[in-house]
Amino acid sequence: MISEKMRDYVKNSSAIRAMFEEGRRMASLYGEDKVYDFSLGNPNAPPPIGVENAVMEILKKEKGPSLHGYMNNSGFLDVREEVGKTINKKHGTAFCPDNIIMTVGAAGGLNVVLKTLLNPKDEVIVFAPFFGEYKSYIENYDGVLSVVSPDMETFLPDLKEFEEKVNKKTKAVIINSPNNPTGVVYSEEFIKQLSNILERKEEEYKTSIYLISDEPYRELVYDGMEVPYLTNYYRNTIVVYSFSKALSIPGERIGYLVFPKELDDFRDIVDGANVATRILGFVNAPSLFQKVAAKCISEKTDLSYYDRNRRALYEGLMKMGFTCLKPQGAFYLFVKSPESDERNFCQRAKKYHILMVPGSSFSCPGYVRLAYCVTYETIVNALPKFEELIKEYK
């Protein structure tokens, strides 16, 4: 018999994954070109050509244990050195290999950080709407989730509510910008206000509060937007990064953590994260794709691919009367449901072979998330179906 905790996880399993599996089932029945699956943030843009070239080059050059064997739990030294140098060049930081741990994607990195930091009953604050797996990750280590509401016009967190919810039990805050599911990018001014609150609360409670910056969408921004690098604003920041979206390689599971030397208990945290990497069963990040990531670290997937999709879907839905904040980054639209229970709306959309994720999965009911990392043809063909769907509400 499975554990009670696992039984709850299975019962409340990811709505995103469930919708994705439903899409596979419907595609087998009706054909892929007649199913409009906007459920999963699975990059459809091809990886930069440099990724495939790097794989081939590395496999020809390096063989045997030097490539495929174990290494330091933090990852290959030369890879971490390259990661640090690249961040320093972009953001004016001063990181070295000791500040970097290679991870099994951002999800693996988040679990390593939370395993390292949390004692039972420690609180972790998240900003709604948020990636639903945060709740499971926090509960994995007997932490307590605390949710801050958004301003429903801007989808920026309510900083007054945030300040009220920070207390002596607060151990960490997770921030995700560009945001999944809204596409909002938190401005420098917002980051400064957030940092000031955290600094005041650290002083008030004589404790350390760690800001965990979850950044898988950092490179996916539009219209000249810039994403502030949080270690430049708040001392106790830990950065969680993934190459999944920037290089369109989510299945390869490769990312990294950044631990600035200014962190309170820096040495203990880095040592703890290395042990967490091992005892969580990762041992180390995938060896081949550590090397690939280092070679391709300055490359990006074709952002114009997603921008065209963003504009086509956003403008098409707005013309029909849907309400949505124009995303500044990532590859999602967070659309207001025409009925209060957005789960009913998602069910009704299935009649038209449209698959969306209910906003309640992100602790923000009344909205639905559409992932526009699909083919352009999918969007073009889906828009008439959306028009038929919205007519039911008019």
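Criteria and cut-off values
- Residues numbered from 1 in each chain as written.
- Predicted model: local features only at pLDDT ≥ 70, side-chain atom pairs only at ≥ 80, totals over all residues.
- Heavy atoms only, no water.
- Helix = DSSP H or I, 4+ residues; strand = E, 2+ residues; numbered from the N terminus.
- Rg over C-alpha atoms; globule rule 2.2 N^0.38 Å.
- Buried < 20%, exposed > 50% of the residue type's maximum accessible area, 1.4 Å probe, protein only.
- Contact = heavy atoms within 4.5 Å.
- Areas by Shrake-Rupley, 256 points an atom, 1.4 Å probe, with all protein chains shown as cover.
- Lys, Arg positive; Asp, Glu negative; His and termini not counted.
- Charge placed at Lys NZ, Arg CZ, Asp CG, Glu CD.
- Patch = residues over 30% accessible without salt bridge, like charges linked within 9 Å, V, L, I, M, F, W, Y side chains within 5 Å.
- Salt bridge = Lys/Arg side-chain N within 4 Å of Asp/Glu carboxyl O.
- Polar contact = N/O pair within 3.5 Å; in protein donor to acceptor, adjacent residues only side chain to side chain.
- Pairing = 2+ DSSP bridges.
- Phe/Tyr/Trp six-rings, centres within 6.5 Å; stacked < 30°, edge-to-face > 60°.
- Lys NZ or Arg CZ within 6 Å of the ring centre and 35° of its normal.
- Core = buried A, V, L, I, M, F, W, Y, C linked by side-chain atoms within 4.5 Å.

Concerning the overall build of the protein chain
Here comes step 1: A count of helices and strands for the protein chain gives 14 helices and twelve strands.
Here comes step 2: Here the C-alpha atoms of the protein chain give a radius of gyration of 21 Å, agreeing with the 21 Å that 2.2 N^0.38 yields for 394 residues.
Here comes step 3: Split into buried and exposed, the 394 residues of the protein chain put 56% on the buried side.
Here comes step 4: A fraction of 74% describes how many contacts in the protein chain between residues 6 or more apart in sequence connect residues 24 or more apart.
Here comes step 5: Split by element, the accessible area of the protein chain, about 17,500 Å² in all, is 50% carbon and sulfur.
Here comes step 6: Charge centroids of the protein chain, computed over 50 positive and 53 negative side chains, lie 3 Å from each other.

A short note on a negative patch on the surface
Here comes step 1: Negative charge collects at one region of the surface, where Asp 151, Glu 153, Asp 158 and Glu 164 lie side by side.
Here comes step 2: Topologically, Glu 153 is positioned in the loop between strand S4 (144-148) and helix H8 (159-165).
Here comes step 3: By relative accessible area, which is 66% here, Glu 153 ends up exposed.

Description of the side chain of Asn 236
Here comes step 1: Checked against the element boundaries, Asn 236 lands in the loop between strand S6 (210-214) and strand S7 (237-242).
Here comes step 2: Only 2.8 Å separates the side chain of Asn 236 from the backbone nitrogen of Asp 264, close enough to count as a polar contact.
Here comes step 3: Excluding anything up to four places from it in sequence, Asn 236 contacts Glu 202, Ser 208, Ile 209, Tyr 210, Leu 211, Glu 262, Leu 263 and Asp 264.

What about the pairing of S7?
Here comes step 1: The element S7 is extensively covered by neighbouring structure, given that six of its six residues are classed as buried.
Here comes step 2: In S7, alternate side chains face the same way, and those of Thr 237, Val 239 and Tyr 241 on one face and Ile 238, Val 240 and Ser 242 on the other are all buried.
Here comes step 3: Where S6 and S7 come together, four bridges link them in parallel fashion. The residue of S7 that forms the bridge with Leu 211 is Thr 237.

Things to note about the pattern of salt bridges
Here comes step 1: As enumerated under the stated definition, the model contains 26 salt bridges in all.
Here comes step 2: Residue Asp 307 is joined to Arg 310 by a salt bridge in which the shortest nitrogen-to-oxygen separation is 2.8 Å. A residue pair is termed a helical-turn pair when its members lie 3 or 4 positions apart in one helix, as Asp 307 and Arg 310 do in helix H12 (residues 303-320) at three residues. In this structure, Asp 307 and Arg 310 share a single accessibility class: buried.

A closer look at unusual backbone geometry
Here comes step 1: In the segment running from Ala 128 into Pro 129, the intervening peptide bond is cis, with an omega of -5°.
Here comes step 2: Following the sequence through the fold, Pro 129 ends up in the loop between strand S3 (123-127) and helix H7 (133-140).
Here comes step 3: Looking along the chain, the bond that leaves Ser 177 and enters Pro 178 is cis, with omega of -5°.
Here comes step 4: Counting through the fold element by element, Pro 178 comes out in the loop between strand S5 (170-176) and helix H9 (188-205).
Here comes step 5: Its identity is not glycine, yet Phe 155 carries a phi of approximately 60°, on the positive side.
Here comes step 6: As for its placement among the helices and strands, Phe 155 is situated in the loop between S4 and H8.
Here comes step 7: Phi is positive for Ala 330, close to 60°, though the residue is something other than glycine.
Here comes step 8: Looking at where Ala 330 falls in the secondary structure, it is placed in the loop between H12 and strand S9 (332-336).
Here comes step 9: Of the residues examined, Ala 330 reaches a relative accessible area of 0% and is grouped as buried.

A look at the packing of aromatic side chains
Here comes step 1: With the rule as written, the count across this model stands at 20 aromatic pairs.
Here comes step 2: An angle of 70° between the planes, with centres 5.4 Å apart, marks the rings of Phe 127 and Phe 162 as edge-to-face. Of this pair, Phe 127 sits in strand S3 while Phe 162 sits in helix H8, placing them 35 residues apart in sequence.
Here comes step 3: For Phe 162, a relative accessible area of 0% corresponds to the buried category.
Here comes step 4: Where Phe 345 meets Tyr 393, the ring centres are 5.7 Å apart and the plane angle is 70°; that geometry is what we call edge-to-face. Residue Phe 345 is located in helix H13 (residues 342-349), and its partner Tyr 393 is located in the segment after helix H14 (376-391); the two are separated by 48 residues in the primary sequence.
Here comes step 5: Residue Tyr 393 is classed as partly exposed on the basis of its relative accessible area, which comes to 23%.
Here comes step 6: Over the ring of Phe 76 we find Lys 291; its NZ or CZ atom is 4.3 Å from the centre of that ring.

A look at the nonpolar core
Here comes step 1: By size, the foremost hydrophobic cluster in this structure holds 37 residues, and its most contacted members are Phe 38, Leu 313, Leu 317 and Phe 386.
Here comes step 2: Of all the secondary-structure elements, those providing two or more residues to this core are H12, S9, H13, strand S12 (367-371) and H14.
Here comes step 3: Not counting residues within four places of it along the chain, the set of residues in contact with Leu 313 comprises Phe 38, Leu 333, Leu 370, Tyr 372, Ile 379, Leu 383 and Phe 386.
Here comes step 4: With 31 residues, the next largest nonpolar core counts Ile 100, Met 102, Ile 254 and Cys 296 among its residues.

Here's the deal with the environment of Met 26
Here comes step 1: With respect to the helices, strands and loops of the structure, Met 26 is situated in helix H2 (residues 15-30).
Here comes step 2: Classification of Met 26 as buried rests on a relative accessible area of 4%.
Here comes step 3: C-alpha separation for the pair Met 26 and His 353, spaced 327 residues apart in sequence, amounts to 7.7 Å.
Here comes step 4: In contact with Met 26, not counting residues within four places along its chain, are Gly 31, Val 35, Lys 350, His 353 and Leu 355.

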